[in-house]
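# Commentary on secondary and tertiary structure
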Amino acid sequence: MVSMEALRQTVQRDEEKILAQLRELVEVESPSEDKAAVDRAGALVTHWVHQMGGRVITHAQQQFGDVLEVRFGPDEGPRTLLLGHLDTVWPMGTLAVMPWREEDGKIFGPGVLDMKVGVAMALTGISAAQEHGANAAVTLLLNSDEEVGSPISRPITEKLALASTVVYVLEPAQGLAYKTARKGVGHFDVHIQGVAAHAGVDFEKGHSAVLEMAKLIQKVSSWTEVSRGLTVNAGVISGGTRSNVIAADCRAEVDVRVVAMADAAEIEANFRALQTTDPHCKLTVTGGINRPPMERGPGTVALFEKAKGLATKLGFMLEEASTGGGSDGNFTAALGVPTLDGMGAVGAGAHAAHEHIVRACLVERTTMLAGMLAKV
Ligand SMILES: [Zn+2]
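Residues numbered from 1 in each chain as written. Predicted model: local features only at pLDDT ≥ 70, side-chain atom pairs only at ≥ 80, totals over all residues. Heavy atoms only, no water.

This part takes up the sheet that holds strand E11 (residues 231-239). Read from one edge of the open sheet, four strands run E11-E13-E9-E14, paired in antiparallel fashion. A single partner strand is all that each edge strand has here, and the edge strands are E11 and strand E14 (282-291). Neighbour to neighbour, the strand axes of the sheet diverge by 15 degrees on average, direction disregarded. Examined bridge by bridge, E11 and strand E13 (residues 249-258) share eight bridges and lie antiparallel to one another. Following the sheet pairing, Gly 239 is matched in E13 by Cys 250. (Pairing = 2+ DSSP bridges. Helix = DSSP H or I, 4+ residues; strand = E, 2+ residues; numbered from the N terminus. Axes fitted to C-alpha atoms, helices over the stretch in contact; angles between N-to-C directions.)

The structure is reproduced here in structure tokens:
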């Protein structure tokens, strides 16, 4: 048994190390689209892991950066899975205009909050727990494609989640809160093919794809029920060529968010059942729910209660929150594996120019990670 205070002191001692690693990691830019760049960030982390005595299994990828499965502790026994990602939304060269910078207790830089800090925190959280006698079996999965929807890492995440008893997600906190629920995220592409005609000479021969799309957007938008957290947003439309031509073509991209698994199935069925009112217009719908909702299940609530207890020992009140954004925690929670999210840093501005972490919270939040891995 170890006290939270003892863990806090160990993490405090290592604060400069966390910051030094974080800076190195931020200064190796790693946009999702650039395999070589993400692999450079992965090589850096691999080096640190080997120094700690951990093992790295590399899941080699062609299109994206390699996915790293980092393992600590025994191979047998109940495992804890920590989820992180090495990729960022920031293109190469961002560092030149958005360099590592500390000001008024905030640290700025591309990917600093989402989520390079989560990676550095995890390493020190694990080493602090180990130092205090915890020999827990921990897997830290670092993927390379989270910011583009985790297309290649999803099966790896799911497989490892099913071999674990709990999942901790290193995404940023929601304000000061851990995340116990996330909406599911869907994306649909709607295409309508009409029949072109001269709008003056042959009006009755035309069948407008734009008009059909206008009706269809009304229909799908009417499925929104804000009170139950279900939203449908046709965010992009394009179609037609000139005002005097009846449009032969129209496309729309629709974002869908759902709170409950049942709503995901319902909304997918609704999209599949869509029809045009004009039989001469041909409708094609592709896409679906990409991330299932992370529902606030009893396993997640139990993890949160444990975390709340540890926070009390550190002298602060931990809150929980839900969010409309998705993470890899959506996949693991949907498999029924208790998942707690938002266990990374406190900060603001993910994906925005003012992205930063709050330095004053770093030791406390890393101690929380250590506490969840140690026997306290
Ligand atoms: Zn992230």
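Take the domain arrangement of the protein next. Split by domain assignment, the protein resolves into domain 1 (4-182 + 294-374) and domain 2 (184-291). Tallying the contact residues gives 14 residues for domain 1 and eight residues for domain 2. Of the roughly 740 Å² buried at the junction of domain 1 and domain 2 (both faces included), carbon and sulfur atoms supply 41%. At the boundary of domain 1 and domain 2, one finds two salt bridges. Measuring nitrogen to oxygen at the nearest pair gives 3.0 Å for the salt bridge that ties Asp 328 to Arg 291. Residues that form the side of domain 1 that touches domain 2 fall into these classes: two nonpolar, seven polar and five charged. (Domains from an automatic or database assignment. Contact = heavy atoms within 4.5 Å. Buried area = accessible area lost by both parts, 1.4 Å probe. Salt bridge = Lys/Arg side-chain N within 4 Å of Asp/Glu carboxyl O. Nonpolar A, V, L, I, M, F, W, Y, C, P; charged D, E, K, R; others polar.)

Around a metal, the ideal angle is 109.5 degrees if four donors adopt a tetrahedral arrangement and 90 or 180 degrees if six donors adopt an octahedral arrangement. Those donors, His 85 (NE2), Asp 114 (OD), Glu 171 (OE) and Glu 171 (OE), are the protein atoms that reach the zinc ion, and they lie 1.8 to 2.5 Å from it. Classification of the site at the zinc ion as irregular follows from its four donor atoms and the range of 54 to 151 degrees in their angles at the metal. For the zinc ion, the single-chain donor residues occur in sequence as H-x28-D-x56-E. Residue Asp 114 is found in helix H5 (residues 112-131), and its partner Glu 171 is found in the loop between strand E7 (166-169) and strand E8 (178-182); the two are separated by 57 residues along the sequence. Of the residues examined, Asp 114 reaches a relative accessible area of 8% and is grouped as buried. (Donors = N, O, S within 2.8 Å, 3.2 Å for Na, K, Ca; no water. Tetrahedral: all angles 85-135°; square planar, octahedral: opposite > 155°, others 65-115°. Buried < 20%, exposed > 50% of the residue type's maximum accessible area, 1.4 Å probe, protein only.)

Running from N to C, H5 and helix H11 (residues 362-373) point in directions that differ by 50 degrees, and their axes come no closer than 8 Å. Taken together, H5 and H11 sit at an angle that is classed as oblique. Judged by the sense of rotation from one axis to the other, the crossing of H5 with H11 is right-handed. Along its contact with H5, which presents Val 117, Met 121, Ala 122, Thr 124, Gly 125, Ile 126, Ala 128 and Ala 129, the element H11 presents Leu 362, Arg 365, Thr 366, Leu 369, Ala 370 and Leu 373. Within the contact of H5 with H11, the residues separate by chemical class into ten nonpolar, three polar and one charged. (Parallel < 35°, antiparallel > 145°, perpendicular 65-115°, else oblique. Left-handed = near helix turned anticlockwise from the far one by under 90°.)

This model, assessed by the stated rule, comprises two aromatic pairs. Relative to Phe 271, the ring of Trp 223 lies with its centre 5.2 Å away and its plane at 80 degrees, an arrangement referred to as edge-to-face. Within this pair, whereas Trp 223 is found in the loop between helix H7 (209-221) and E11, its partner Phe 271 is found in helix H8 (residues 261-272), the two being separated by 48 residues in sequence. Overall, the relative accessible area of 15% leaves Trp 223 in the buried class. The exposure class assigned to Phe 271 is buried, which follows from its relative accessible area of 0%. Ring-pair connections join several aromatic residues into one group, and the members of that group are Phe 188, Trp 223 and Phe 271. Seen from the ring of Phe 108, Arg 101 lies directly overhead, with NZ or CZ sitting 4.1 Å from the centre. (Phe/Tyr/Trp six-rings, centres within 6.5 Å; stacked < 30°, edge-to-face > 60°. Lys NZ or Arg CZ within 6 Å of the ring centre and 35° of its normal.)

Moving on to the sheet that holds strand E4 (residues 101-103). Judged by pairing direction, the sheet is antiparallel, and its four strands sit side by side in the order E4-E5-E18-E17 without closing on themselves. The open sheet terminates on both sides in strands that have one partner only, identified here as E4 and strand E17 (347-348). Here E4 pairs with strand E5 (residues 106-108) via three bridges, running antiparallel. Pairing of Glu 102 across the sheet is with Ile 107, part of E5.

Grouped together as the largest cluster of nonpolar side chains are 65 residues, with contacts concentrated most on Tyr 168, Leu 340 and Met 368. Here this core gets twelve residues from one element, more than from any other, and that element is H5. When residues no more than four places from it in sequence are discounted, the contact partners of Leu 340 are Val 167, Tyr 168, Val 169, Tyr 178, Lys 179, Thr 180, Thr 300, Leu 303, Phe 304, Ala 307 and Met 372. One finds Trp 223, Val 232, Val 254 and Ile 289 within the second-largest nonpolar core, a separate group that totals 22 residues. (Core = buried A, V, L, I, M, F, W, Y, C linked by side-chain atoms within 4.5 Å.)

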